[in-house]
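Given next are the chains, with one letter for each unit.
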Amino acid sequence: MSSFENTLPISQGLFGSMELDSARSSAIKKTYMLLSMSVLSALIGGSIGSSSPAMVQFFGSGIGWIVAMVALNGIPYLAMACRHNPVIGTMALVGDGFVSGLVLAPVLHMASVFAPDIVPAALILTALVFAGVSVSVMITKVQYSAPKGLMMGLFFALAGITVLNMFLNIGFLGILIACGIGVFGVFILVNATSQVLNSPDYDEPVGGALMLFAGLFNVFVATLHLMLAFSGRDD
């Protein structure tokens, strides 16, 4: 979903730091703001898709799967092509988020019917991972520190797991699974942020937001499937 290449070693992406000039520091903050818009759009798309029987049936079919794959690859390509046009690039980014949520209609619908607590749990955990890393980015000035992002992300993830256990009673094994998911999610997002900042192609926020959204989307999907598997409904 992005043209950026992962040129930074994972160890550096997770535990390194880098100096930022004022332009790049401002750009990464704008990137996370655009990412928030894309995430909100995905939530709207997922809500509409999962509550529409027609969408659930369509994206659960073979043709729907082909349409989903074309859209999920074509819209980001359009956004990258138009990334230097703030209006069109942002519209394409928001559209990518909406379609990404929409194509999850079958699995979201299944989860809401058979395990209604799973979707809120996955959303809460993914949102808190995003919030934690976002805080570390927003307070960044002249130096981005990946370890600081890890600590903030893990703190928010652990807080989220505590909340999940209090209200959803996920049990000891559920806590272990949620902890693993939280750590995995934080690592993906922090490493993706480091890769974006290190990329020589990163000269505007839209492209960076596309790469980060891809990482966050994968975190949510993995979280959803693992929690469904834990509930015995990942079929």
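The coordinates are above.
Given the structure is predicted, the values throughout are model-derived calculations rather than measurements.

Asker: Help me get a handle on the overall build of the protein chain, residues and values and all.
Answerer: A count of helical and extended segments in the protein chain gives 10 helices and two strands. Traced from its N-terminal end to its C-terminal end, the protein chain shows the element sequence α-β-α-α-α-α-α-α-β-α-α-α. In the protein chain, the proportion of contacts linking residues at least 24 apart, taken out of those at least 6 apart, comes to 83%. Carbon and sulfur atoms make up 71% of the accessible area of the protein chain, which amounts to about 11,000 Å² in all.

Asker: Lay out the layout of surface pockets with the relevant residues and their values.
Answerer: Remark: the empty space left among the atoms is shown by a probe the size of a water molecule rolled over them. By volume, the largest pocket is sized at about 410 Å³. Every residue lining the largest pocket is counted, 19 residues in all, and those nearest its centre are V39, A42, L43, L123 and F220. When contributions to the lining of the largest pocket are tallied by element, the ones reaching two or more residues are α2 (22–50), α6 (105–114), α7 (118–138) and α10 (205–231). Looking at which element gives the most residues to the lining of the largest pocket, the answer is α2, with six residues. Classifying every residue of the lining of the largest pocket by side-chain character gives 13 nonpolar, six polar and no charged.

Asker: Give a detailed account of the packing of α2 against helix α5 (residues 86–102), specifying residues and quantitative values.
Answerer: Contact pair α2 / α5: the axes reach a minimum separation of 6 Å and the direction vectors enclose 35°. In this structure, the crossing between α2 and α5 has a hand that is right-handed. For the pair α2 and α5, contact is made by L34, M37, S38, S41, A42, I44, G45, G46, I48 and G49 and by T90, L93, V94, G97, F98, G101 and L102, respectively.

Asker: Before we move on, could you go through α5 and cite the residues and values that matter?
Answerer: The end-to-end C-alpha distance of α5 is 24 Å, a good match for the 24 Å that 17 residues give at a rise of 1.5 Å each. Those residues of α5 that sit buried are G89, T90, A92, L93, D96, G97, V99, S100, G101 and L102.

Asker: With reference to specific residues and values, describe empty space enclosed by the protein.
Answerer: Inspection of every chain in the model, using the stated rule, returns one cavity of 30 Å³ or more. Approximately 30 Å³ is the volume attributed to the largest cavity. In terms of lining, the largest cavity is formed by S136, T140, Q143, Y144, S145 and K148. Looking at which element gives the most residues to the lining of the largest cavity, the answer is strand β2 (residues 143–145), with three residues. Of the residues that constitute the lining of the largest cavity, the class distribution is one nonpolar, four polar and one charged.

Asker: Break down the environment of C82 for me, citing the residues and quoting the values.
Answerer: Within the secondary structure, C82 sits in the loop between α4 (62–81) and α5. Owing to a relative accessible area of 18%, C82 belongs among the buried residues under this scheme. Setting aside residues up to four positions removed in sequence, C82 forms contacts with I88 and G89.

Asker: Explain the nonpolar core to me, and be specific about the residues and the numbers.
Answerer: Formed by 39 residues in total, the largest nonpolar core has its most connected members in Y32, Y144 and V190. Where this core is concerned, the elements lending two or more residues are α2, α6, α7, α8 (146–168), α9 (171–198) and α10. If you tally residues by element for this core, the top one is α10, at seven residues. Counting residues in hydrophobic clusters, the runner-up holds eight residues, among them L34, M80, A92 and A209.

Asker: Tell me about the side chain of S136, and name the residues and values.
Answerer: Its place among the elements puts S136 in helix α7. Assessed through its relative accessible area of 2%, S136 is described here as buried. Not counting residues within four places of it along the chain, the set of residues in contact with S136 comprises K148, G149 and M152.

Asker: An account of the packing of aromatic side chains is needed here, citing residue identities and associated values.
Answerer: Tallied over the entire structure, the rule returns four aromatic pairs. Plain terms: the ring middles of F58 and F59 are 5.1 Å apart, the flat faces sit at 75° to each other, and that makes the pair edge-to-face. Judged by relative accessible area, which is 32%, F58 ranks as partly exposed. Residue classification places F59 among the buried residues on the basis of a relative accessible area of 13%. Here F155 and F156 contribute two aromatic rings whose centre-to-centre distance is 5.9 Å and whose plane-to-plane angle is 75°, an arrangement assigned as edge-to-face. Taking relative accessible area as the criterion, F156 reaches 21% and is therefore assigned partly exposed.

Thresholds, definitions, all that
Residues numbered from 1 in each chain as written. Predicted model: local features only at pLDDT ≥ 70, side-chain atom pairs only at ≥ 80, totals over all residues. Heavy atoms only, no water. Helix = DSSP H or I, 4+ residues; strand = E, 2+ residues; numbered from the N terminus. Contact = heavy atoms within 4.5 Å. Areas by Shrake-Rupley, 256 points an atom, 1.4 Å probe, with all protein chains shown as cover. 1 Å grid on protein atoms, 1.4 Å probe; cavity = no way out; pocket = protein on both sides within 12 Å on 5 of 7 lines; lining within 4 Å. Points joined across faces, edges and corners; volume = space filled by probe spheres on them. Nonpolar A, V, L, I, M, F, W, Y, C, P; charged D, E, K, R; others polar. Axes fitted to C-alpha atoms, helices over the stretch in contact; angles between N-to-C directions. Left-handed = near helix turned anticlockwise from the far one by under 90°. Expected span 1.5 Å × (residues − 1). Buried < 20%, exposed > 50% of the residue type's maximum accessible area, 1.4 Å probe, protein only. Core = buried A, V, L, I, M, F, W, Y, C linked by side-chain atoms within 4.5 Å. Phe/Tyr/Trp six-rings, centres within 6.5 Å; stacked < 30°, edge-to-face > 60°.

Nothing here speaks to function; it is geometry throughout.
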